[in-house]
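Coordinates in review
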Amino acid sequence: MLTHPAGAAGTPTARPLFIAQGSHHLFAWHHPARPSVRRGAAVVLCPSIGGEFVAAYRVWRCLAEQLAALGFDVIRFDYEGTGDSFGDLGESKRIHAWLHNIERALITARLITGSNHVALVGLRIGAILAAHAAAATGGVERLVLWSPCLSGRAYIRELKALGQLSREDHTTIDESPDILAAGYVLPASVAADLERLDFKTIGGCPAPEVLTVDRDDRPTDPRIGECLADLGSCVTRIRPAGTAATLEGSMLTLPIGVVDAITQWLDGWRVNSSCRVDGEAPVHLGSAVVHGCGYHQRAVRFGTDD
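Below is a summary of the structure that appears in this document. (Residues numbered from 1 in each chain as written. Predicted model: local features only at pLDDT ≥ 70, side-chain atom pairs only at ≥ 80, totals over all residues. Heavy atoms only, no water.)

Attention now moves to the packing of aromatic side chains. Throughout the structure, instances matching the rule amount to seven aromatic pairs. Between the aromatic rings of F27 and W29, the centroid separation amounts to 5.8 Å while the plane-to-plane angle is 85 degrees, which identifies the pairing as edge-to-face. When the ring of F53 is compared with that of Y57, the centres are 6.1 Å apart and the planes differ by 65 degrees; the resulting orientation is edge-to-face. Cluster of aromatic residues (ring-pair linked, three or more members): F18, F27 and W29. Sitting above the plane of the W265 ring, R142 keeps its charged end 4.5 Å from the centroid. (Phe/Tyr/Trp six-rings, centres within 6.5 Å; stacked < 30°, edge-to-face > 60°. Lys NZ or Arg CZ within 6 Å of the ring centre and 35° of its normal.)

Structure below.
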């Protein structure tokens, strides 16, 4: 049961869509901006993976709904090989594909708004992916790093520790190099690629304005902010209650303090509406039909609640 209003009256219902990337498709949700306060700016949400993706799902959706109520068009999506997107998690060059997934989501967000005003929000490993993807595309206007790790190596180390703590009697442990943590398997090849990610190796400034949302269950690590400041970002740090609870997956109420802190920071973003993508106007992306070998699928809505 939600203990906080997720959106506002007049905010359109979220729409499912498929984002084409070559022959692959990403499953995504578009939360349209409330028309009366539409800003002409978009926010792309980059999730974590595995158990953290599932644990934070309700909070993630709540964040999208609140941002849409503030006038932002919001895109949240599943990486290739995860969720309802195309592919298998164990395929080669998976991290390379995930970075391109973020880039493609940014393009889609710009098409929806008809402007270059876009922000990224990354959760956990999604935070470091978002920072790298933003820098690779020349930067976004705002970037939120929610409970980030300094490096992929630190993230994998945490997963391995969690795997030891969450091992259960009925689980068969073999000699596989894959990581089993809280019921989710991360292939060894993907873990090895993730370990190469590091805030210290970001190639340029990912955003002029960055918000880091530090966890409330451990000491604050200043190194991420220092790395970003060296790249030219102005970094704001907050430590609201509920950041650790977001990743537990067992809470009965949502840690709304974290969502409110992020939405308040983005609400202070004053968008210059005169800066638009040349030759493009805001568009509505309908639910694409995905065709495969012997099948096709499309997202549909039904029932009295649409």
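Here helix α3 (residues 94–113) crosses helix α4 (residues 125–136) at 65 degrees, and the two axes come no closer than 9 Å. By the angle between their axes, α3 is roughly perpendicular relative to α4. Judged by the sense of rotation from one axis to the other, the crossing of α3 with α4 is right-handed. Contacts between α3 and α4 pair I95, W98, L99, I102 and E103 from the former with L129, A130, H132, A133 and A136 from the latter. In the contact of α3 with α4, the residues fall into eight nonpolar, one polar and one charged. (Axes fitted to C-alpha atoms, helices over the stretch in contact; angles between N-to-C directions. Helix = DSSP H or I, 4+ residues; strand = E, 2+ residues; numbered from the N terminus. Parallel < 35°, antiparallel > 145°, perpendicular 65-115°, else oblique. Left-handed = near helix turned anticlockwise from the far one by under 90°. Contact = heavy atoms within 4.5 Å. Nonpolar A, V, L, I, M, F, W, Y, C, P; charged D, E, K, R; others polar.)

It is worth spelling out the sheet that holds strand β2 (residues 24–31) at this point. Taken together, the eight strands give an open sheet; going across it, the order is β1-β2-β4-β3-β5-β6-β9-β10, and neighbouring strands pair in mixed fashion. Edge positions in the sheet fall to β1 (15–21) and β10 (234–238), since each has one partner strand and no second. In this sheet, neighbouring strand axes are inclined to one another by 20 degrees on average, regardless of whether the strands run parallel or antiparallel. Contacting β2, β3 (42–46), β4 (73–77), β5 (118–123) and β6 (142–146), helix α2 (residues 57–69) runs over the sheet at an angle of about 160 degrees to β4. Strands in contact with α4 are β3, β5 and β6; relative to β5, the strand with the most contacts, it is inclined by about 150 degrees. (Pairing = 2+ DSSP bridges.)

So, about the side chain of R110. In this structure, R110 sits in helix α3. Other than its neighbours up to four places away in sequence, R110 contacts S115, N116, V118, G139 and V140.

Once that is clear, we can look at the layout of surface pockets. By volume, the largest pocket amounts to about 670 Å³. What lines the largest pocket is a set of 30 residues, among which I49, G51, E52, L159 and L162 lie closest to the centre. Of all the elements in the fold, those that place two or more residues in the lining of the largest pocket are α1 (50–55), α5 (152–165), β7 (179–181) and β8 (184–186). Looking at the lining of the largest pocket, its residues break down into 19 nonpolar, five polar and six charged. (1 Å grid on protein atoms, 1.4 Å probe; cavity = no way out; pocket = protein on both sides within 12 Å on 5 of 7 lines; lining within 4 Å. Points joined across faces, edges and corners; volume = space filled by probe spheres on them.)

With that settled, the discussion passes to empty space enclosed by the protein. With the rule as written, the count across this model stands at one cavity of 30 Å³ or more. In this structure, the largest cavity encloses a volume near 40 Å³. Along the walls of the largest cavity sit P47, F53, A56, Y57, W60 and L123, which together make up its complete lining. Residue composition of the lining of the largest cavity, grouped by class: six nonpolar, no polar and no charged.

Quick look at the nonpolar core now. Of all hydrophobic cores here, the largest spans 53 residues; its most connected members are V44, L120, L194 and F199. When sequence neighbours within four positions are dropped, the list of residues in contact with L120 reads V44, C46, I102, L106, A130, A134, V140, R142, L143 and V144. With 28 residues, the next largest nonpolar core counts V59, L63, V74 and V121 among its residues. (Core = buried A, V, L, I, M, F, W, Y, C linked by side-chain atoms within 4.5 Å. Buried < 20%, exposed > 50% of the residue type's maximum accessible area, 1.4 Å probe, protein only.)

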